[in-house]
Structure formats: C-alpha cells, structure tokens
Amino acid sequence: MPQSTRWGRFRESEAASGLAMISPTAIYATLLLAAPLVTIFLYSFWTDGYLTIIREFTLDNYITAWSNPAFRAVMLRSLFVSLAVTATTVILAFPVAYFVSFFVEPSKKSLWLFLITIPFWTSYLIRIFLWKVILGYNGVINSSLLSMGIISEPIQSINYSVGAVITALAHAYAPFAILPIFVALEKIDRSLLEAGRDLGESPVMTFIRVTLPLSMAGVISSVLIVFIPTIGDYVTPLLLGGPEGRMVANLIDLNFKKLDNYPMGSAIAISAMAIVVAISLLFLFVNRRFLKGAK
Amino acid sequence: MTFSAEKATMIEFKDVHKYYGDYHALRGITATIKAGEFFSLLGPSGCGKTTLLRTIAGFEGISSGAVMIDGKNMAGVPANKRPTNMVFQSYAIFPHLTVEQNVGFGLRKDPRPQAEKDKAVAEALEMVNLKGFGKRAAHALSGGQRQRVALARALILKPKVLLLDEPLSALDKKMREQMQMELIKLQRQVGITFILVTHDQEEALVMSDRIAVMFDGEIAQLADPETLYRKPASRRVADFIGTMNFLPAQIKSEAGGKVEIEAHGFGQLTLDADQVSGANAEGASIGFRPETLTILFDGQTAADRESMGTVEEVVYYGDMTYYDVRLDGTDAPMRLSMRNIPGRPVLDIKERARVAWSPSAMVLFR
Ligand SMILES: Nc1ncnc2c1ncn2[C@@H]1O[C@H](COP(=O)(O)OP(=O)(O)OP(=O)(O)O)[C@@H](O)[C@H]1O
Ligand SMILES: [Mg+2]
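Below is a summary of the structure that appears in this document. (Residues numbered from 1 in each chain as written. Chains lettered and ligands numbered in written order. Predicted model: local features only at pLDDT ≥ 70, side-chain atom pairs only at ≥ 80, totals over all residues. Heavy atoms only, no water.)

## A few points about the packing of aromatic side chains
All names here are of chain B. Under the counting rule described, the total for this entry stands at 24 aromatic pairs over all chains. Judged by centre distance (5.5 Å) and plane angle (45°), the ring pair of Phe-38 and Phe-194 falls under tilted. Of this pair, Phe-38 sits in strand S3 (residues 38-42) while Phe-194 sits in strand S8 (residues 193-198), placing them 156 residues apart in sequence. Assessed through its relative accessible area of 1%, Phe-38 is described here as buried. (Phe/Tyr/Trp six-rings, centres within 6.5 Å; stacked < 30°, edge-to-face > 60°. Helix = DSSP H or I, 4+ residues; strand = E, 2+ residues; numbered from the N terminus. Buried < 20%, exposed > 50% of the residue type's maximum accessible area, 1.4 Å probe, protein only.)

This is the structure in structure tokens:
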C-alpha cells in the first residue's frame, strides 16, 4: 500500500494539499523575493573593486555604514519619519475606524469602507504631486495665506521638508491603518460593552477597560503595516523631502546608481532591514499579551 | 414565595410603552416585582421579554411610563448607576481577562483594600463552585463555567436586582436542570431579587415564585406557577404553558355561583363560577390538563364521571405514557397522561379504554 510509506502518508495528508495550494505563490515568492534578498545579502559582504566586485568575505561595508555619520543621520531620520507617520496615521485612524464600526448603520458600513479606499484610485505618484501642489512654494497653502495677508512670504518649511514627507505618507497609509482596527472593533461582542456599563463603569472607562484592550490586535497590525513599508519609502522623500528629507531608501539608491557601489548599498539595505525587524519584534514582544488567546 | 416577611416592592412598571421606530414593542406594561422574589418573564420569541429586562438594566430607554427600582424613578439614570446587574445571554465574559479579573471587574471603585477585594473574588468563585479557577483564561472555560463566572461577577456587587436573560438556553439538558437547581439555591442563599427571562415554560414553572406571561408586548397573566398552570387567564396562556385539551362548549345559564354548560362529548355540566377564565377568541370552550383524565383498569371505578373511548396514539416516555384517546361521541382525540406504575399495562392503539374525568378539574374559557 502506498499509504504505508512515509511519502504516501504525506501525500494523503492535509499538509500536502495545503502546500500544493500555496506552491505557485511560494515559488513566485522564492524567485522574486528570496533570491534577490540572498544576492543582496552576499553582496553586502563583498567589496567594490573599480570595475569588478571582489568576492571576498569582509565586514568593512557594515563597519563603514555604521560608523559613517551621514548614514547614521539618514537612518535616524528614516526612523523618525516612519515613527511619526505611524503615530499620526494610527492615532487618526482609530477614531475613523471606531466611528464606522460603532456609529455607522450596518447596512452603510461597506459604503464607508469603500469611500475610505478612494484615495487608492489615483496613482501614488499623482497623489504626491498633488501634495506638491498643496504644500509647494507657490502652492495652495502658501498662496492662500499670502493672499489673506497672514504671511508676507511663502513658508519654506512646509515645502520640501520632513514635514511634507510625513504628511504625504500619513495620507497614503491611512486606509491600511483604518482597516485592521475596524476589523478588530467589529469583532468585539457588543454585549461586552454593555457588561462594562452594567458592572458600573462609565462609557469612557468601559472604552479604556474593554474596547481598547480588545482592539489592540488591530492597532498592532496597523502599526506594523504602516511602520514597515514607510521606513523604506523611496518616492515620497525623493519628491517631497528635499535635501533635508532624504531617507534610507534614497541613500541605498545613491549607492547602487550614482556611486555604483553595490556592496555598500547592499550593506545599508541589510542594516536597515535588520533595524526594522528588530524594532518590529521588540514592539510585538512588548505587546504580546494583546495577541495571545483566541475567543 | 420564600421571604414572606420581606414583601416590599422592588420594581414597579407603570404603564411602560416602548417603540422601536413604528414598532410597538412594549404595550403598557404595569406590574410589581417584590423584593427577594424569583420572578420570571415568560413568552414566545419576540414578545418583548428581553426589551423589558433591558429597560430595568438601563440599556433601553422607554417611550412613556415609568420604571421604578426600590422606589426611585429610573428615568435618566444610566446603566452604570443602577442597582442592578445582569447575566447576559452570551455571558459577555471579557475574553482578555482571567476568571479572577472578570469576577473582580466591577470592584474597581470599591474602597476596600486590594486584599479584601481578592478575598471577595475568591468567595464569589467558591459560591458558584469555581474554586481554583481564578487564574484561568476566560476563553478556556466551558459554557456552564462561563455562566458561573457571569453569575459571580454580578453577585459580587451585591445588586438589589439580578437580571438574567435566558442564562440557561445555551446549556445541554442535564446541565440546564442542574443549573436551575443551583440558581434556586443561590437565590435563597443571597436573598436578592432575581428576574429571569425565559421562553421555556418548564424552566419558569420550576424556578419562579411568580411568572409574567407575555404576548406581543403585553403581560397576559401574572401569577404564581400553580395558578398559571391550574387556571390560565386565557386560552393562549393555557396553550403556552404545558398541554391542555380543549373542547367547544356552550354556556346555558349562569346563576348563584354556578355555570351550566353544554360541552361537546361531555354533555350537560355544572361548573363553579371560579372555574371560569378569560377570553377565547374562538368562542367558549372547556379546557383540562392531560393528568386530570385517567384510564381505568379492571376493577377500578371512577371517583366522579366515566366515559368510553378508543386509543388513537400511544407515546411511551419511560416514567409516563401519553395517550391520545377519542371519547365516544367526540370528533377530536384528547391527550391524557398516565404514570407507569409497576403492574399497570400500557394500552395499544385501537384498544377501548374507560376514562375517568371530573368537571371540577376543568376550566371554562368564554
Ligand atoms: N433595536 C431594535 N430595533 C427594532 N426592533 C427591535 C429592537 N430590539 C428588539 N426589537 C423588536 O422588538 C420585539 C421584542 O424583542 P425582544 O428582544 O424583547 O424579544 P424577546 O421576547 O426577548 O424574544 P427572544 O425570546 O427571541 O429573545 C421583537 O419583535 C424585535 O424584533
Ligand atoms: Mg430575548
């Protein structure tokens, strides 16, 4: 009987059919994600010769990257920007998700979610250019403030700055932050909130003691969903950041293209990734009590 | 009624109406619930039991009338300020807290030192037979255990009134019967007014001091279980509580506390005036419970009246046998029940049977 062999049993098992089902995706992910990642990882330990790559193991790239004040400044700025974006986005997303979940009629909820995703209908680039129109030197804000006589010359700080990058990114990631929180809030059994009231707590205390802890899984997802991609964002800082708003992705790009130093670029990329992973894991660890235990 | 000394009024509904938009969910509820009473709201699905219970808890406003708790009008008093606690149908156990934290949830503002509160939590858990479960995660509990946690969580706050919305409906039959007994004992022990919502008439009869039977947002009858069973106020109530046989009847005369009727299949009968009950939309009829009819076996004689009939259906229940017997001269079979005592035969379909009955066990719906 084929079933009696280990392979036969495996082929019959649920695990096998599960693997078969995800294998196209898995192969795709391996080829297009893992393979480049491994390549970059290898590059980061090699050295840039003038025309060739010297394939000898070295940690020099990492040492340079981490001791270089320019890299450190850019990395810290990236962290600052993505933390600021994350905080802004999640804090603003929570009330929106709360409103849709608790105050919108059930029959209108999908309409609201649909409206929330509307910004995605225009391309990311177009949205950034629109922000340029709004925040620019002669942009909507400056010219209206000028014409109202509130300022006498255009405000430079909203144009080509870290602030502009944060504004645009927070806007771009808002739906990503709203949806997981909304889902978490939707899952809360409403009788739990009544139980909170019944046991003597005011609406505010019920929110703090019941709603908030029960929605934390969604908040945590939102934080990671916004934090991880924004730290590596490339286009927004390039177009809105100006020289003072450059982020780590722009630095990597500089090394790969202008400086033609693949190993250095790779080392910076791997370092940035390690930092993101470390921060995310730390964040998950700190919040682990909200993630355990299903209903 | 366990606390005869303690008959103060705890809850009073004064002509309570409730509209959901156009829908008239509560239609003039007027009733009084006494302190220390085990009171049930019984009725079919959608009759407004939960709505009425929630007006006491403060989760539902009322459109007109008044709800008084312990002499105070509750208008404008939010749920967290009312002297009531609720055991929810879904139990509403906080999934992010342990059993202990759930039970102690309402003690945050309690001025006692933490050690005393912990002791109170432990005692509450012991009272509901959950000693040693304190550190468990709430989601690692069975249905019956959740229900006990919900009870402990409410009772630890020593409310004046405990509200229970179908607390046993999610449990299996054995567990439900056990919990019914435990709830009765618990209620006697703590002496708090319990108000139970249920659509299970047996549960209401078993547990309550008094029962309000509700139909369509109105109280059809408010009485103790025995009155409810013996003398239902209307045919609808009679139909809802237990089984009752009905036969059409005509009222011939009423005089001197006696009612003369002509009942289909039974002929001329004389009933006492207090056997006459409320309305029946389908015209006058007499009703009687299955256990008021008895099949007579060899050598037995009827205490009152006796008729012949034919067995049409036999349902054997172990301790009881239910028969559908059609009495000679009637066109519908009647349900009767016999205890299966040793030596008593079980009749077969189509067998002839002598049936003993008594006019004094009948109710006349006019
Ligand atoms: N929020 C609401 N909006 C509109 N109608 C409602 C609302 N809540 C209840 N109703 C209606 O009011 C009526 C009474 O509802 P209620 O929940 O009190 O019934 P119930 O007697 O508890 O029934 P069940 O045994 O099914 O729980 C029902 O017809 C219901 O559809
Ligand atoms: Mg209900």
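That was the structure; now back to the text.
## Quick word on a nonpolar patch on the surface
Residues and elements named next belong to chain A. On the surface, a nonpolar cluster with roughly 1,100 Å² of combined accessible area is contributed by Phe-99, Phe-103, Leu-111, Trp-112, Phe-114, Leu-115, Ile-118, Phe-120, Trp-121, Phe-176 and Ile-225. Sorting the residues of the nonpolar patch by element identifies helix H4 (69-103) and helix H5 (109-116) as the ones contributing at least two each. Among the elements that line the nonpolar patch, the one with the most residues is H5, at 4 residues. Looking at the secondary structure, you find Trp-121 in the loop between H5 and helix H6 (124-135). (Patch = residues over 30% accessible without salt bridge, like charges linked within 9 Å, V, L, I, M, F, W, Y side chains within 5 Å. Areas by Shrake-Rupley, 256 points an atom, 1.4 Å probe, with all protein chains shown as cover. Salt bridge = Lys/Arg side-chain N within 4 Å of Asp/Glu carboxyl O.)

## Here we look at the interface of chain A and chain B
Taken together, the contacts link 20 residues of chain A with 22 residues of chain B. Both faces considered, chain A and chain B share a buried interface measuring about 1,900 Å² in area, 60% of it formed by carbon and sulfur atoms. Together, Asp198(A), Leu199(A) and Arg209(A) form the three largest contributors to the area buried by chain A at its contact with chain B, with a combined 35%. At the surface where chain A touches chain B, the tally comes to 2 salt bridges. A salt bridge links Arg54(B) to Glu194(A); its shortest N-O distance comes to 2.7 Å. Where chain A packs against chain B, one counts 9 residue pairs in polar contact (both at pLDDT 80 or more). Looking at the side of chain A that touches chain B, the elements that each hand over two or more residues are helix H9 (190-198) and helix H10 (203-231) of chain A. Top element by residues in the side of chain A that touches chain B is H9(A). It accounts for 7 residues. Residues of the side of chain A that touches chain B, tallied by class, amount to 8 nonpolar, 5 polar and 7 charged. (Contact = heavy atoms within 4.5 Å. Buried area = accessible area lost by both parts, 1.4 Å probe. Polar contact = N/O pair within 3.5 Å; in protein donor to acceptor, adjacent residues only side chain to side chain. Nonpolar A, V, L, I, M, F, W, Y, C, P; charged D, E, K, R; others polar.)

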